[in-house]
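Letter by letter, the chains look like this.
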Amino acid sequence: MKKLENYITGKWITGDGNGQELYDAVTGETVTRATTKGLDFASILKYGREVGNTFLRKFTFHERGRMLKALAMYLMEKKEKFYAVSYHTGATKADSWIDIEGGIGNLFANASLRRKFPDLPYCTDGDPIGLSKGGNFMAHHLLVPKEGVAVHINAYNFPVWGMLEKCAVNWLAGIPAVVKPASITSYLTEAVVKEIIASGILPDGALQLICGSAGDLLNHVTSQDVVTFTGSKSTGLLLKSNKAILGESVPFNMEADSLNSIVLGNDVTPSSPEWEIFIKEVRKEITVKAGQKCTAVRRIFVPEHLLEDATIALGKALAQTTIGNPLNDKVRMGSLASLTQRDEVRQNIQKLLASSEIVYGSLDSVEVIDADAKKGAFVSPILLRSDDGFKNEVVHEVECFGPVSTIMPYKDLNEAIALSKKGKGSLCCSIITADNKMATDFVVGAGTHHGRILVLNQECAKESTGHGSPLPMLVHGGPGRAGGGEEMGGVRGVKHYMQRVAVQGSPTTITAITQSYQPNAKGIQSHVHPFKKYFEELNIGDQIITQKRKITSEDIDAFAELSGDHFYAHKTDTNFEGTMFEQQVAHGYFVMSLSAGLFVDGSELGPVLLNYGIDELRFTKPVYAGAEIYIRFTCKEKLPQDKRIVEKQEDFKRGDDLDKGIVKWLVEMLDESGEHVGIATILTMVKRKK
Ligand code: NDP
């Protein structure tokens with residue numbers, strides 16, 4: 001029988017022996033086998049570090065981002081192949097969309113994230129820190145890609161998303177990955193990796209795949225590696241306490257069993273629009289992916305006077321769920337991923353039944369379309385009811401990884417908060433309310449125990465991405481039982497794969513290292529005005545010091561007339577006693593405008609295409625009539641811009657065909673005594689020479 005292949009050390013390799021048999025979740029037939037027997041796990045990590053890491057860490061964030069985008073576009077073209085394989089896992093088309101296109105979406109999102117980083121292989125973290133009075137000693141935090149590999153040990157429920165949501169981030173950070181999907185659905189991960197490798201888009205060693213047991217892989221990790229884990233708490237704890245992980249202080253990000261919850265705000269009644277929103281959201285959470293979502297709602301809290309109504313309404317909603325072969329268009333809920341999972345779900349329901357009762361669904365029977373309920377891993381959606389969430393401990397302990405949730409009453413918001421916290425840390429919690437005071441009290445009160453909180457009401461429901469969807473730009477993870485980890489989260493996630501190092505030195509040295517001009521660094525004077533230089537000709541630190549311009553009272557009056565800004569401080573006849581000023585003061589915007597008059601050189605067409613805006617602007621000292629202002633104008637940062645790809649002629653905008661970048665300039669506004677009166681960072685769009 002065919003065996004899955006492992007992609008390691010640059011080759012597709014089949015493990016020895018028969019390995020583990022993997023089954024179609026719907027028909028129960030054998031799909032393939034997985035084995036890693038005979039693989040040399042130490043050499044897999046070594047290859048990742050020596051080959052993959054060496055390539056990736058040299059790329060800039062922008063190059064890595066463009067690589068992610070190319071890969072995302074390539075995989076989108078192949079997606080139908082993945083859908084065909086995904087049906088074997090019991091997933092419906094909608095479930096597979098979350099896994100496949102959600103996963104590819106993570107590549108796109110992280111590709112776009114490159115714009116938040118410099119065009120360098122490393123970046124700064126936070127603000128510069130001055131460390132001396134004279135301004136010649138300072139510090140900055142730098143993030144450099146770790147020299148190891150990201151080892152991802154994933155759960156069976158999202159074989160594609162689970163890989164791509166993590167790899168997108170470590171690749172953007174500049175480090176390679178070794179992916180070990182859960183064996184039972186690893187055939188889908190293998191199908192995607194086959195395409196990734198065939199695309200040739202990633203450099204050698206950027207991705208390795210292990211289908212089957214992880215063997216002694218973790219015994220070989222070092223301090224430069226990062227391990228992430230998604231799965232059960234027991235396995236997570238076992239792996240987290242691995243000797244090499246502890247001994248080498250290897251970062252270990254864990255995402256484990258999570259007793260997520262949803263609260264129906266006590267402002268909501270069966271006649272308010274939020275009622276329907278609540279019912280729909282809960283039904284979705286129970287049935288999507290047959291409840292095999294790490295974020296799925298396991299506990300439902302409703303005001304006690306609405307317990308009966310909510311139970312009936314949810315039962316009616318769940319009754320509309322058509323279950324069966326996901327290849328049949330009528331089916332809304334497929335099967336669990338395996339018969340073992342079905343047994344586990346049934347056992348866990350038994351545990352929950354010790355202190356609750358079934359109010360919808362059946363433990364023993366399920367009606368299915370186009371399938372054999374005995375052969376496939378089918379279960380009925382089950383709604384349990386427990387009348388005292390404070391006495392019922394098991395409901396806050398047992399994660400039943402299937403279409404199962406328990407409804408419980410609460411008396412007031414404090415009780416709802418306390419109940420949500422009894423899960424001892426979850427990935428996600430939602431509250432349905434149109435009352436923003438209640439939303440605030442809930443978020444502040446319960447925020448310590450949840451990784452993400454969704455406040456859902458009529459205003460956002462239509463566009464809401466829903467309780468169960470982790471998003472690439474938001475943190476995904478939760479405290480306590482949820483594993484205490486954090487994944488994704490935009491720029492935050494990238495930092496997990498980089499080493500933060502505090503760097504101290506002179507502003508000139510820190511400018512050279514960070515490629516971002518630091519105040520007080522030596523400027524580079526040249527006889528060519530920087531506005532006459534093309535993007536690639538500009539150096540960080542290129543600087544001019546302008547002529548002086550004297551400000552008169554008439555200038556201030558004229559600016560007041562022109563702008564219509566007649567604030568008391570800009571008038572000559574104001575009594576300034578008790579104010580912040582001594583006399584008529586120049587408008588800050590006037591000082592900024594006259595600064596532009598001093599530093600702009602561009603009466604003839606040149607490389608500077610346009611003024612792109614101002615990032616920051618501070619007025620630090622009042623400017624009175626008679627002051628003489630001059631500008632120190634320095635090239636601070638350069639950000640490349642990709643050409644916009646326009647497919648249709650009618651979408652073409654003027655300038656789309658120009659090669660260009662964004663340049664940030666530090667504008668230091670100084671007066672005759674050399675003191676700063678203002679400081680700004682302005683942006684221009686600058687043409688490339690070629
Ligand atoms: P496991 O914890 O058993 O497995 C998770 C991953 O760890 C799999 O890739 C598994 O590989 C791997 N693994 C297991 N043992 C070892 C080991 N000794 N060394 C290295 N890797 C190992 O979780 P399951 O995927 O089987 O799911 C079990 C339960 O976990 C679910 O029923 C659910 O309760 C919970 N779960 C929670 C999730 C969450 O995010 N909250 C997500 C998914 C599951 P292999 O498959 O080869 O054993």
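Cut-off values and rules
- Residues numbered from 1 in each chain as written.
- Predicted model: local features only at pLDDT ≥ 70, side-chain atom pairs only at ≥ 80, totals over all residues.
- Heavy atoms only, no water.
- Helix = DSSP H or I, 4+ residues; strand = E, 2+ residues; numbered from the N terminus.
- Contact = heavy atoms within 4.5 Å.
- Areas by Shrake-Rupley, 256 points an atom, 1.4 Å probe, with all protein chains shown as cover.
- Lys, Arg positive; Asp, Glu negative; His and termini not counted.
- Charge placed at Lys NZ, Arg CZ, Asp CG, Glu CD.
- Salt bridge = Lys/Arg side-chain N within 4 Å of Asp/Glu carboxyl O.
- Pairing = 2+ DSSP bridges.
- Axes fitted to C-alpha atoms, helices over the stretch in contact; angles between N-to-C directions.
- Parallel < 35°, antiparallel > 145°, perpendicular 65-115°, else oblique.
- Nonpolar A, V, L, I, M, F, W, Y, C, P; charged D, E, K, R; others polar.
- Buried < 20%, exposed > 50% of the residue type's maximum accessible area, 1.4 Å probe, protein only.
- Right-handed = clockwise from strand over helix to strand, strands pointing away.
- Arc of directions from axis to C-beta.
- Polar contact = N/O pair within 3.5 Å; in protein donor to acceptor, adjacent residues only side chain to side chain.
- Near = heavy atom within 4 Å.
- Phe/Tyr/Trp six-rings, centres within 6.5 Å; stacked < 30°, edge-to-face > 60°.
- Lys NZ or Arg CZ within 6 Å of the ring centre and 35° of its normal.

Novice: Would you mind going over the overall build of the protein chain with me for this structure?
Specialist: Scanning the protein chain from terminus to terminus reveals 17 helices and 28 strands. Expressed along its principal axes, the backbone C-alpha trace of the protein chain runs to roughly 90 × 60 × 55 Å. Considering only residue pairs separated by 6 or more positions, the protein chain has 75% of its internal contacts joining residues 24 or more positions apart. A total accessible area of about 30,000 Å² is found for the protein chain, and carbon and sulfur atoms account for 51% of it. Positive and negative side-chain charges in the protein chain, numbering 78 and 83 respectively, have mean positions lying 5 Å apart.

Novice: For this particular structure, what's the right way to read the pattern of salt bridges?
Specialist: Pairing between side chains of opposite charge can happen when the charged atoms of each approach one another. For the structure shown, the criterion picks out 31 salt bridges. Across the salt bridge formed by E50 and K46, the nearest N and O atoms sit 3.7 Å from each other. Note that E50 and K46 are positioned in helix α1 (residues 41-56) at a spacing of four residues, about one turn of the helix. Where D601 meets K532, a salt bridge forms, and the shortest distance between an N and an O atom there is 3.0 Å. Pair noted here: D601 is in the loop between α17 (588-599) and β25 (608-619) and K532 is in the loop between β22 (524-525) and β23 (542-545), with a separation of 69 residues, a long-range link. Here the residues in one salt-bridge network are E5, E190 and K194, joined through shared partners.

Novice: It is not clear to me how the sheet that holds strand β15 (residues 382-385) should be interpreted in this structure. Could you clarify?
Specialist: The sheet built from seven strands is open, its strands ordered β14-β15-β16-β13-β12-β17-β18 with mixed pairing. The open sheet terminates on both sides in strands that have one partner only, identified here as β14 (357-360) and β18 (450-456). Each neighbouring strand pair of the sheet contributes to a mean axis angle of 25 degrees, computed without reference to strand direction. Here strand β17 (residues 426-432) pairs with β18 via six bridges, running parallel. In the strand pairing of β18, I431 is matched with V455. Along the sheet, helix α11 (residues 413-421) contacts β12 (260-264), β13 (297-303), β16 (404-410), β17 and β18; its crossing angle with β16, the most-contacted strand, is approximately 150 degrees. Of the strands in this sheet, β12, β17 and β18 are in contact with helix α12 (residues 436-446), which crosses β18 at around 170 degrees.

Novice: I'm lost on the environment of G484 in this one. Help?
Specialist: With respect to the secondary-structure elements, G484 resides in the loop between β19 (475-476) and β20 (487-488). Taking the C-alpha atoms as reference, G484 lies 27 Å from F117; in sequence the two are 367 residues apart. Those residues in contact with G484 that lie beyond four places of it in its chain are M254, G478 and P479.

Novice: It is not clear to me how the packing of helix α3 (residues 93-112) against helix α4 (residues 161-173) should be interpreted in this structure. Could you clarify?
Specialist: For any two helices packed against each other, the geometry comes down to the angle between their axes and how far apart the axes lie. The interhelical angle for the contact between α3 and α4, taken along N-to-C directions, is 10 degrees, at an axis separation of 8 Å. The orientation of α3 with respect to α4, classified from their angle, is roughly parallel. On α4, the residues that touch I98, D99, G102, G103, I104, N106, L107 and N110 of α3 are W161, G162, L164, E165, A168, V169, W171 and L172. In terms of residue class, the contact of α3 with α4 is made up of nine nonpolar, five polar and two charged.

Novice: Even after reading the chapter, I still don't get the pairing of strand β7 (residues 150-153), so can you show me in this structure?
Specialist: The two faces of the sheet receive side chains in turn, since in a regular strand these alternate between them. Judged by which residues are buried, β7 turns out to be covered on both faces: A150 and H152 on one side and V151 and I153 on the other are all buried. Two elements, β7 and strand β8 (residues 177-180), share four bridges in a ladder whose sense is parallel. From the neighbouring strand, V151 faces β8, where its bridge partner is V178. Traced from β7 through α4 to β8, the parallel crossover comes out right-handed.

Novice: Mind showing me how you'd approach α12 here?
Specialist: An α-helical segment advances 3.6 residues per turn. Residues three or four places apart therefore align on the same side. When we look at burial in α12, the residues that qualify are M438, A439, F442 and A446. Taken down its axis, α12 places every buried residue within 100 degrees of arc, on the same side. Set apart from the buried face of α12 by more than 90 degrees, the exposed residues are N436, K437 and V444. Its side-chain oxygen 2.9 Å from the backbone nitrogen of K437, D435 forms the N-cap of α12.

Novice: How do you make sense of the site of the ligand when you look at a structure like this?
Specialist: Taken together, 26 residues sit near the ligand, with N154, S183, S232, T235 and C294 positioned nearest. Separating an oxygen atom of the ligand from a side-chain N or O atom of K180 is a distance of 2.9 Å. Side-chain polar atom of S183 to an oxygen atom of the ligand: 2.5 Å apart, as the coordinates give it. Contact with the protein chains hides 80% of the accessible area of the ligand, taken as 870 Å² for the molecule alone. Ranked by residues supplied to the shell around the ligand, first place goes to helix α6 (residues 233-240) with three residues. Along the lines of polarity and charge, the residues of the shell around the ligand split into 12 nonpolar, nine polar and five charged.

Novice: I keep staring at the environment of M685 and nothing clicks. Help me out?
Specialist: Secondary-structure assignment places M685 in strand β28 (residues 676-687). Relative accessible area serves as the criterion here: at 11%, M685 is assigned to the buried category. Sequence spacing of M685 and Q641 is 44 residues, and the spatial spacing of their C-alpha atoms is 9.3 Å. Discounting chain neighbours no more than four positions away, the residues touching M685 are P607, V608, L609, L610, Y612, Q641, K660, G661 and I662.

Novice: Before we go on, may I ask you to explain the packing of aromatic side chains in this structure?
Specialist: Two measures describe an aromatic ring pair: the distance that separates the ring centres and the angle between the ring planes. Using the criterion set out here, one finds 14 aromatic pairs in the structure. Ring geometry for Y7 and W12: centres 4.8 Å apart, planes at 50 degrees, overall tilted. With a centroid separation of 5.2 Å and an interplanar angle of 35 degrees, the aromatic rings of F559 and F590 are classed as tilted. Of the two residues, F559 sits in helix α16 (residues 553-563) while F590 sits in helix α17, which places them 31 residues apart along the sequence. A cation over a ring is seen here: K194 above W12, with NZ or CZ 4.4 Å from the ring centre.

Novice: In this structure, what is going on with the packing of helix α2 (residues 61-86) against α4? I would like to understand it.
Specialist: Interhelical geometry of α2 versus α4 gives an angle of 150 degrees and a closest axis separation of 8 Å. In terms of orientation, α2 and α4 fall into the roughly antiparallel class. Here α2 contributes F61, R64, G65, M67, L68, L71 and L75 to the contact with α4, which in turn contributes L164, A168, W171, L172 and A173. Within the contact of α2 with α4, the residues separate by chemical class into 10 nonpolar, one polar and one charged.

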